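# Survey of secondary and tertiary structure
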Amino acid sequence: MIEYIQVKPLPQELADWRDRIEAIAADEGLDFFKTIFEVVSYDKMNEIAAYDGFPTRYPHWRFGMAYEQLAKSYAYGLSKIYELVINTNPCYAYLLEGNELVDQKLVMAHVYGHCDFFKNNYWFSRTDRKMLDTLANNASRIRRYMDLYGYSAVEQFIDVCLSLDNLIDFHRPYRPLDSRQELKPQSDLPDELIGAELELPRLKAKEYMDEFVNTDDYLDQQREKIKQEKLTQRRHPSSPERDVLFFLMENANLTRWQRNVLEIIREEAYYFAPQRTTKIMNEGWACFWHTHIMTKRGVLDQSEVIDYADRHSGTTAPHKGRINPYRLGLELFRDIFDRWNKGKFGRDYYECDSLAEREKWDTGAMEGKRKIFEVRRHHNDLTFLDEFLTPEFCARQKMFTFENNPRARQWQIASTEFQEVKQKMLSQLTNMGQPIIEVYDATYQGGELLLNHLFEGVELDDNYTRPTLKNLYAIWKRPVHLTTYRKDKSGDYQSVKITFDGSQHSELPYAPLPPSA
Amino acid sequence: MSRIKQDHSRFRDIVRGKVRDNLKKYISKGELMGKQGGKAVKIPIPQIDLPRFRFSTQDGGGVGQGEGQPGDSLGSNKGQPGEEPGEGEAGQNDGEKALEVEVNIEELAEILGEALELPKIEPKGGTSIVAQKDKYTSIRSVGPDSLKHFKRTYKQALKRTISMGQFNPSAPIILPIKDDMRYRSWSTSSVPQSNAVVIYMMDVSGSMGEAQKEIVRIESFWINTWLKSQYKGIETRYIIHDASAKEVDEHTFFHTRESGGTMISSAYNLAWDIIKSDYPPSDWNIYPFHFSDGDNWSSDDTRDCISLLREHIIPASNQFSYGQVESHYGSGQFLRDLNKHFALDDQDCTLVCSEIKNKEGIVDSIKEFLGGGR
């Protein structure tokens, strides 16, 4: 890995620009780790991108798959990676060799936005800033396992783990292993869990008769009874666990190397999770700063304006079939900047009914800059949109929802209503658009694994569900069950339990699990 | 070998089915469709999609941005919403498994070969069929006066005069001496001569409808593409037949609609005549392809066909390929007859038969035809 750390110095011209842009970025209040730029060839760029920015990762075919796709689309002129930056301290950023100077300047300005975001956003606060080293260590561990237990065996197990790597808790920062020891199964229930003596069911009696009616023997009997009840009721985990990978690591019957591989997959899934849950904000923030630095701070030369505009608009063009995170993030940050500059917030503003007045609202608050820095610190995409998406913004940005119309065999615009748009956006961002699945009970039917899908109106894809259950079985080694809902013939959703018992799948109607407290 | 190369070759091995059979069911092949004459071609990018718990996409939908009112279309639900037709984009979303790009024929053949893992063909006749051709494109300093190159001679003389300092711009007289003389000369170039011929035969009797012909059209386009990449030059001949056979040009081959009965032997006879007169089998790589719905007129005719194939055509050809296109009207009897008379499963049998049920079957059928590397 040393070869990747020994960075070739930038050519002098780029180095001068880097110093200038860095100074401007710092002057604007951006706060970033030291950022190291390197110019790489397209092939190297594709390679680094295939490894998600970390050339030090463990050997696995899926990186080869990503590489083939990148290399082919580059070869046929369909796509090109301009920039790549990783969340480490120091930050490493890669520039594509042969790009024009204006591109490189734009990318550098953009990168400082990302670096600031990595350093200051809450959701990144617990990510491992030495990830290059960590991943290299993980890789050498996996290589060692491959030497010891066979390439295919380890690779196969990695595939099984990867098939479950979306079963983590996306809306919680990574918790390292040792802080959660209390999850270990407890052999006996301590007394305090049974409740105070006063809550034992007592026979009704006048106060002076109490000690004769509710005798100690009787109370002991009651206490024993409750204890028995609690024991039979006891589930493990006591409340459902969304970090399924963590639960499996702690409780599944694995060999040491398998547990370590699972931990590596989980660690990496958690490391990359904030990049997915803050995609809109992160890109928006970087775009906000690259436009600002390029156009308002004199970095852009007059002769480069057309090229810059072409590049910038290519990146931030709206798309009818999906949300372009660059655009949405940029526009939303601009909107917030503008609103807080004009004081378009607070009770007076929200209670104002006159559209014209709202339109012209300007208290001269000039809070915009403070606000956007605050926003970039606290939010992720979900809360960002929940809090700052406004009806005016949606209308101005011409946002709409679309659906599949099977009869017309077309995608069609469904609605331009604010509530609908916001609802759809939020539901897509919740849990990264992944189904929420939690471990409900690992003592089910004497040690079988019961998972619960928190159903929110969209079915699971059966073609994927069954093989995934099979993979879960490979880890748990006893039958696994998943409760979910499925449309029956009349179009109603029925609660079902899908089981894989080691040889075959079965699906049975099942009473919905009680919601957890 | 760099790390990514290792991971990439591991991935290719999995895709090719060399290792990790258990992943095979997750590989999506992508498409391999090209419009003949059209430029847009889909490049398959194999992907392995590991199973994960995920939402069924049918009732999906999403949020977009742009002009439009509720009810406006965003394009066919077969593709991605909002995608302009023909717009190429790398597949980032699930389900997008192919790139749509414009490529030239050589690249296409390469892609085809790679996608279908076609073996390279060992040509017969080999190197001998390279024509030596002389062209007067060279220059020498000796030669007959009739080949004197005045311009080059003058230039040479001018150069010499200037470098000797004898040039006088006011009286620019150049006197060439013997060393300045330049004569035209020849250079020899070897031009590979075509030594492969593909003879396409198609049944155009009434039972072959448009859909069947479309299949033949696509399939023969790909076959041509592949064979062209394997031989320096290649000739194609086209025969159509119903109850009688005739040789036609490419356009007619693909666009005729005849009707009437079917005598397959007529086509085989004509093909054999062509081979005999134009393509001595010792020097030529001969690839007859015959497409039909398998409905022959009579069993007598089938018998004739079998004996023609057995005695003449198959021994002369590298490989005889018979593709049977499924049609509503055809009985498909001919394939069964061939099966009866030839040991098709035999490794050395150069008769290859393939049943093409529909357009999706084309890829497999091409593989059957060309997979033998003959």
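Looking only at helices and strands, chain A has 21 helices and 10 strands in total. In chain A, buried positions account for 52% of the 517 residues. Across chain A, contacts joining residues at least 24 apart in sequence account for 71% of those joining residues at least 6 apart. For chain A, the exposed area adds up to about 24600 Å²; of that, 49% sits on carbon and sulfur atoms.

Below, the discussion takes up the overall build of chain B. Counting secondary structure elements, chain B contains 9 helices and 14 strands. Intrachain contacts of chain B at a sequence separation of at least 6 include 75% that bridge at least 24 residues. Total accessible area on chain B is roughly 19300 Å²; 49% of this is exposed by carbon and sulfur atoms.

Residue and element names in this part refer to chain A. Topologically, Y440 is positioned in strand β6 (residues 437–444). Residue classification places Y440 among the buried positions, given a relative accessible area of 5%. The residues touching Y440, leaving out its near neighbours within four places in the chain, are R235, H236, P237, P240, L450, L451, N452, L513 and P514.

Quick look at the sheet that holds strand β4 (residues 61–65) of chain B now. Strand order in the open sheet formed by 4 strands is β4(B)-β4(A)-β5(A)-β5(B), and the pairing between neighbours is antiparallel. Of all the strands in the sheet, the pair left with one neighbour each is β4 and β5 (73–76) of chain B. For this sheet the average axis-to-axis angle between neighbouring strands, irrespective of direction, equals 35 degrees. Both strand β4 (residues 399–405) of chain A and β4(B) contribute to a ladder of 5 bridges, which runs antiparallel. Directly across from M399(A), in β4(B), lies its bridge partner Q65(B). Along the sheet, helix α20 (residues 418–429) of chain A makes contact with β4 and β5 (410–415) of chain A together with β4 of chain B, crossing β4(B) at roughly 120 degrees.

Taken together, the 80 residues of chain A in the interface contact 65 residues of chain B. For the pair chain A and chain B, the summed buried area comes to about 6400 Å², and 56% of that belongs to carbon and sulfur atoms. Interface area lost by chain A to chain B is led by W61(A), W411(A) and Y464(A), which between them contribute 13%. If you look at where chain A meets chain B, you find 4 salt bridges. The partner of R52(B) in a salt bridge is D165(A), with the nearest N and O atoms 2.9 Å apart. Connecting chain A to chain B are 29 residue pairs in polar contact (both at pLDDT 80 or more).

Residues and elements named next belong to chain A. Here the structure, examined in full by the defined rule, presents 41 salt bridges over all chains. Residue R297 pairs with E28 through a salt bridge whose shortest N-O separation is 2.6 Å. Taken as a pair, R297 in the loop between α12 (279–296) and α13 (305–316) and E28 in the loop between α2 (12–27) and β1 (35–40) lie far apart in primary sequence, 269 residues in all. The class for R297 is partly exposed, based on a relative accessible area of 28%. Across the pair D103 and R311 runs a salt bridge whose closest N-O atoms are separated by 2.6 Å. On the criterion of sequence distance, the pair formed by D103 in helix α5 (residues 101–120) and R311 in helix α13 is long-range, its members being 208 residues apart. Residue classification places D103 among the buried residues on the basis of a relative accessible area of 5%. Accessibility expressed as a relative area gives 17% for R311, which makes it buried. Within this structure, E459, D462, R466, R486 and E507 form a network of salt bridges that share partners.

All names here are of chain A. The interhelical angle for the contact between helix α6 (residues 131–149) and helix α11 (residues 256–277), taken along N-to-C directions, is 150 degrees, at an axis separation of 11 Å. In this view, α6 runs roughly antiparallel relative to α11, as classed from their interaxial angle. Considering how the two elements wind past one another, α6 and α11 form a crossing that is left-handed. Of the residues in α11, those in contact with M131, T134, L135, N138, R141, I142, Y145 and Y149 of α6 are W257, N260, V261, I264, E267, E268 and Y271.

Our focus in this paragraph is the side chain of R327(A). Along the chain, the position of R327(A) falls in helix α14 (residues 325–342). Buried within the structure, R327(A) lacks any salt-bridge partner; its nearest side chain of opposite charge belongs to E331(A), at an N-O separation of 4.2 Å. Not counting residues within four places of it along the chain, the set of residues in contact with R327(A) comprises T316(A), A317(A), P318(A), Q397(A) and Q65(B).

This part is about the packing of α12(A) against helix α18 (residues 381–388) of chain A. Residue and element names in this part refer to chain A. α18 packs onto α12 with a crossing angle of 75 degrees between their chain directions and a minimal axis gap of 7 Å. In terms of axis orientation, α12 runs roughly perpendicular to α18. Only D381, F384 and L385 of α18 make contact with α12, whose side of the interface consists of K279, I280 and M281. Within the contact of α12 with α18, the residues separate by chemical class into 4 nonpolar, no polar and 2 charged.

Below, the discussion takes up helix α4 (residues 61–75) of chain A. Between its terminal C-alpha atoms α4(A) stretches 21 Å, which fits the 21 Å expected from 15 residues at 1.5 Å a residue. If you check which residues of α4(A) are buried, you get W61(A), F63(A), G64(A), M65(A), Y67(A), E68(A), Q69(A), K72(A) and S73(A).

On to the sheet that holds strand β10 (residues 505–509) of chain A, then. All names here are of chain A. The 5 strands lie next to each other as β6-β7-β8-β9-β10, forming an open sheet whose pairing is mixed. The sheet terminates laterally at β6 and β10, the two strands that pair on one side only. Along the sheet, successive strands turn relative to each other by an average axial angle of 30 degrees, direction set aside. Across 8 bridges, the pairing between strand β8 (residues 480–487) and strand β9 (residues 493–500) is antiparallel. By the bridge assignment for β9, T483 is matched with K497. Contacting β6 and β7 (448–453), helix α10 (residues 244–251) runs over the sheet at an angle of about 25 degrees to β6. The strands touched by helix α21 (residues 462–476) are β6, β7, β8, β9 and β10; relative to β8, the strand with the most contacts, the crossing angle is about 165 degrees.

Each value, and the rule that gives it
Residues numbered from 1 in each chain as written. Chains lettered and ligands numbered in written order. Predicted model: local features only at pLDDT ≥ 70, side-chain atom pairs only at ≥ 80, totals over all residues. Heavy atoms only, no water. Helix = DSSP H or I, 4+ residues; strand = E, 2+ residues; numbered from the N terminus. Buried < 20%, exposed > 50% of the residue type's maximum accessible area, 1.4 Å probe, protein only. Contact = heavy atoms within 4.5 Å. Areas by Shrake-Rupley, 256 points an atom, 1.4 Å probe, with all protein chains shown as cover. Pairing = 2+ DSSP bridges. Axes fitted to C-alpha atoms, helices over the stretch in contact; angles between N-to-C directions. Buried area = accessible area lost by both parts, 1.4 Å probe. Salt bridge = Lys/Arg side-chain N within 4 Å of Asp/Glu carboxyl O. Polar contact = N/O pair within 3.5 Å; in protein donor to acceptor, adjacent residues only side chain to side chain. Parallel < 35°, antiparallel > 145°, perpendicular 65-115°, else oblique. Left-handed = near helix turned anticlockwise from the far one by under 90°. Lys, Arg positive; Asp, Glu negative; His and termini not counted. Nonpolar A, V, L, I, M, F, W, Y, C, P; charged D, E, K, R; others polar. Expected span 1.5 Å × (residues − 1).

These figures capture arrangement, not role.
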